[in-house]
Amino acid sequence: MRREWNCPRVLSRLVLCVVLGLVPAMLWAQGTGGRGSISGTVTDPSGAVLTGVSVTALNTATGLSVAVTTSGSGSYAIPLLPTGTYTMTFQKEGFKTESRTGLILTADQSASANVVLAVGSATEKVTVSASAAALETESAALTTTVNETAIKELPLNGRNPASLVLLTPGTTDILKDGPGVNQTYTTHPYESGASSNGGRQGSTYYLLDGSNNMDPYLWLAAPFPNADATQEFSVIGNNFDAQYGFAPGAVVSIVTKSGTNQWHGNLFEFVRNNVFNAKDYFTGQKDILKRNQFGGSLGGAIIKDKLFIFGNYQETLAALAPANGIAGTPTADMRTGNFSVICASGFDANGICLDRSGSQVIDQVWQDPAHTIPYKGDIIPSSQLNQDTLNFLNKFVPAGTGANGRLPYTQATHTPDDYQFTIRADYNLSDKQRFTGHAFQDLYRQPALSGNGNLIISDRSWNTNYSNYEGTYTWTISPAIVNQASFSYGYEYSTSLSGQVDSSGKPICLSQFFPGMVDPPGGGCAIESYPFINGQTASWYHRYIWNLTDSVTISKGKHLIVAGVDVQRMNMADPAGWLSEPIVNFDGNYTGNYFADVLLGQISSFEQGAGSNSVYTGTQLGFYAQDRIKLTNTFTLSAGLRYEPFLPPVPYHGRAEYYRPDQKSTRFPNAPVGMVFPGDKGIPAGGVAEQNYFDPRLGLAWAPKFLPNTSIRSAVGLFTQPIDYSHFTHAGDNSPFSPT
């Protein structure tokens, strides 16, 4: 069902496809940029279509007015309108002027307003309220809109509107109810992911005012603006047209608040504190989370009906409930070589433990991996214990208790802070030209926990900056042609530094205790992995996405024709310390007891490299054409085709290796047979071949007259999903780039 088209590299492919798209002078941006459209047909009382009817849409909050006229088929279309409440006016000589008030246009909605004009004088006016929800007859897409009222009034844990996406039928949280993952310390903790109708992680695409709002590392949604900065959002859960791409499951289109002709503002603080909490019925304990969220918003008109501004700030200060857990560490007796406590049944005359599993001796500490020579009475001579290990454990790891070395612990309180800022400007330059833009930032800060020298309860820091900037220019070239140009930039920077320090605050490394272990130059001082300790080496992750679109929509008779291109340029840099510090593992197979292996220094595996330094740059392209045909007042047919090639991301300086059986590398002749690199014969810059995907879409929306208040929608199509960049994170960690 998908054909291959062999195009040259990215640049030539882009030039060729843009030229092909410009020939019919039709380009269309990703979706509708959080905007909506109003279309319909105007007839007289006999049912005959009326041509030349003046149709005006007036935004009651901002004064924006857009006028068109009906075509020879009596149809009209007003695309790319900002969300809001509109008054529609229909005027033609020989007929009464009709006004439809209270028409609410939501994000990415295709609203319908069919009108029958009564015969009379144009000075006579008929006003009809259109506030009731209209039946969807313009699009096959199944859309749920979460409006401002729902965002404000529904309970939100942490004031994060992203959770309301799950109100959409067929949608679940992929991170909680499915196999999804958000990698801690390397991403933003407020990232989210929705699965629509069983889609995998990354199958739902998020837009912020029409711009990409995704983190390409795991293809999750980047943070939302808070509840006071989000106007509304729509979830297109199925059957979407060809202008939507990069996702097979659903599209979430978020719209930030904008200023209006009336100045409005607010100040707020939301408090969650254990002082106000009741005890849990079953545990008798209180939730001790403390969280203060405060800030404010202000928006209005700088120039009435022309220039609007809106700003919002929210700060979150929290003290999380300390994590409780049980660790296992060698007891004080074990640290002297005495493991006798693990044998419950005692020992025979030869010092062999009497515990059995069937006929097999268990709970016995052995001197050899073949388990033929026992330590009598499970006593290891103290002279055989590894003194370096003992010194390390006695200084930084408390002793366990009981036969199994259980050690209950309570971690110190995490105190993360979050700072969120949103500003949006809207400028109606004229009745034919409009500009809108936003800046959104979300800064998360979680300090490291030192544990005061207790490495079990220490934790690394988690700091993430996310920014999203967008600008859109809309130009009404004629009543039937509208051009839209958009540019956006999204950036995420995550850092995590070790909290492993001694009681004096100095960093700790295994190299300080174990001769022969080394730290790479400039790699910092931390412990990646050692018994009873979680790895905490430093990491720095940079990711950004540039998004550029240009758009024209053409309304011609019964047709609303759209076509377009969406260009995204992405970069990921991963200069992390992973593997720069050694990973040391024990498995208990040597002596039959894990703690004994540790204290004797019997390592099962040791791994160390030169750190991870992956840098990838890639391009995503989407080209499409769509025709929405209004065959009757109640039947709309849409047909489209989307071309979305897979262009593999390219590693910086070819720092990646691939496997090709029986091929010998000429770039690195010393590499083993089968290990090849970009630059070798037949190995493209991205390591894998480009793929071409053509995705047809077909849909219909029908409101049959014999079934009043009923809409029937159906669609079929092919969809593609990008590969998240985490698949390429460690592609260059092996020799010769980062020896392990």
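Structural data are supplied above this passage.
What counts, and at which threshold
- Residues numbered from 1 in each chain as written.
- Predicted model: local features only at pLDDT ≥ 70, side-chain atom pairs only at ≥ 80, totals over all residues.
- Heavy atoms only, no water.
- Helix = DSSP H or I, 4+ residues; strand = E, 2+ residues; numbered from the N terminus.
- Buried < 20%, exposed > 50% of the residue type's maximum accessible area, 1.4 Å probe, protein only.
- Contact = heavy atoms within 4.5 Å.
- Areas by Shrake-Rupley, 256 points an atom, 1.4 Å probe, with all protein chains shown as cover.
- Lys, Arg positive; Asp, Glu negative; His and termini not counted.
- Charge placed at Lys NZ, Arg CZ, Asp CG, Glu CD.
- Arc of directions from axis to C-beta.
- Polar contact = N/O pair within 3.5 Å; in protein donor to acceptor, adjacent residues only side chain to side chain.
- Disulfide = S-S within 2.5 Å.
- Pairing = 2+ DSSP bridges.
- Axes fitted to C-alpha atoms, helices over the stretch in contact; angles between N-to-C directions.
- Phe/Tyr/Trp six-rings, centres within 6.5 Å; stacked < 30°, edge-to-face > 60°.

Engineer: Whenever I open this one, the overall build of the protein confuses me. Can you help?
Structural biologist: Tallying secondary structure elements over the protein gives four helices and 40 strands in all. For the protein, the spread of C-alpha atoms along the three principal axes comes to 115 × 70 × 50 Å. Counting across all 740 residues of the protein, residues that qualify as buried make up 52%. Sequence-distant contacts in the protein: of pairs separated by 6 or more residues, those separated by 24 or more amount to 70%. In the structure as shown, the protein presents an accessible area of about 31800 Å², 57% of it carried by carbon and sulfur atoms. Taken together, the 47 basic and 57 acidic charged side chains of the protein have centroids lying 8 Å from each other.

Engineer: When you look at helix H3 (residues 387-396) in this model, what are you seeing that I'm missing?
Structural biologist: In an α-helix, one turn spans 3.6 residues; hence positions three or four apart end up facing the same way. Restricting attention to buried positions, one finds in H3 the residues Thr389, Leu390, Phe392, Leu393 and Phe396. Here the buried residues of H3 occupy an arc of 165 degrees about the axis, which is enough to place them on one side. Residues Asn394 and Lys395 are exposed on H3 and point more than 90 degrees away from its buried face. Looking at the buried positions of H3, the neighbouring elements they touch are helix H4 (594-600). Put simply, asparagine 386 is the residue that caps the front of H3, since its side-chain oxygen is 3.1 Å from the backbone nitrogen of aspartate 388.

Engineer: What's the story with the state of the cysteines in this structure? I'm lost.
Structural biologist: Should the sulfur atoms of two cysteines be covalently bonded, the bond is a disulfide. Inspection of the entire model under this criterion finds two disulfides. In this model, cysteine 343 is linked to cysteine 353 through a disulfide, with the two sulfur atoms separated by 2.0 Å. The sign of the S-S torsion, about 95 degrees, decides the handedness of the disulfide formed by cysteine 343 and cysteine 353: right-handed. Linking cysteine 343 in the loop between strand E22 (324-328) and strand E23 (356-357) with cysteine 353 in the loop between E22 and E23, this pair joins segments that are 10 residues apart in sequence. An identical accessibility class is assigned to cysteine 343 and cysteine 353; each is buried. Shown here is the disulfide that connects cysteine 509 with cysteine 525, its sulfur atoms set 1.8 Å apart.

Engineer: Just checking my understanding: could you explain the sheet that holds strand E9 (residues 125-129) for this structure?
Structural biologist: Strand pairing in a sheet is mediated by backbone hydrogen bonds. Such pairs are either parallel or antiparallel. Spatial ordering of the open sheet is given by E3-E2-E5-E6-E9, a layout of five strands whose pairing is mixed. Of all the strands in the sheet, the pair left with one neighbour each is strand E3 (65-69) and E9. The average angle at which neighbouring strand axes cross in this sheet is 20 degrees, direction not considered. The sheet contact formed by strand E2 (residues 54-59) and E3 spans five bridges and is antiparallel. Along E3, the bridge assignment pairs serine 54 with threonine 69.

Engineer: Help me out: how do you make sense of the packing of aromatic side chains in this one?
Structural biologist: When we look at a pair of aromatic rings, we describe it by the centre distance and by the angle of the planes. The final tally for this structure, using the stated rule, is 39 aromatic pairs. When the ring of phenylalanine 392 is compared with that of phenylalanine 514, the centres are 6.0 Å apart and the planes differ by 50 degrees; the resulting orientation is tilted. Residue phenylalanine 392 is found in helix H3, and its partner phenylalanine 514 is found in the loop between strand E29 (481-496) and strand E30 (539-556); the two are separated by 122 residues along the sequence. Here a set of aromatic residues connected by ring pairs shows up, and it is made of Phe392, Phe396, Phe513, Phe514, Tyr530 and Phe586.

That is the geometry; function is a separate question.
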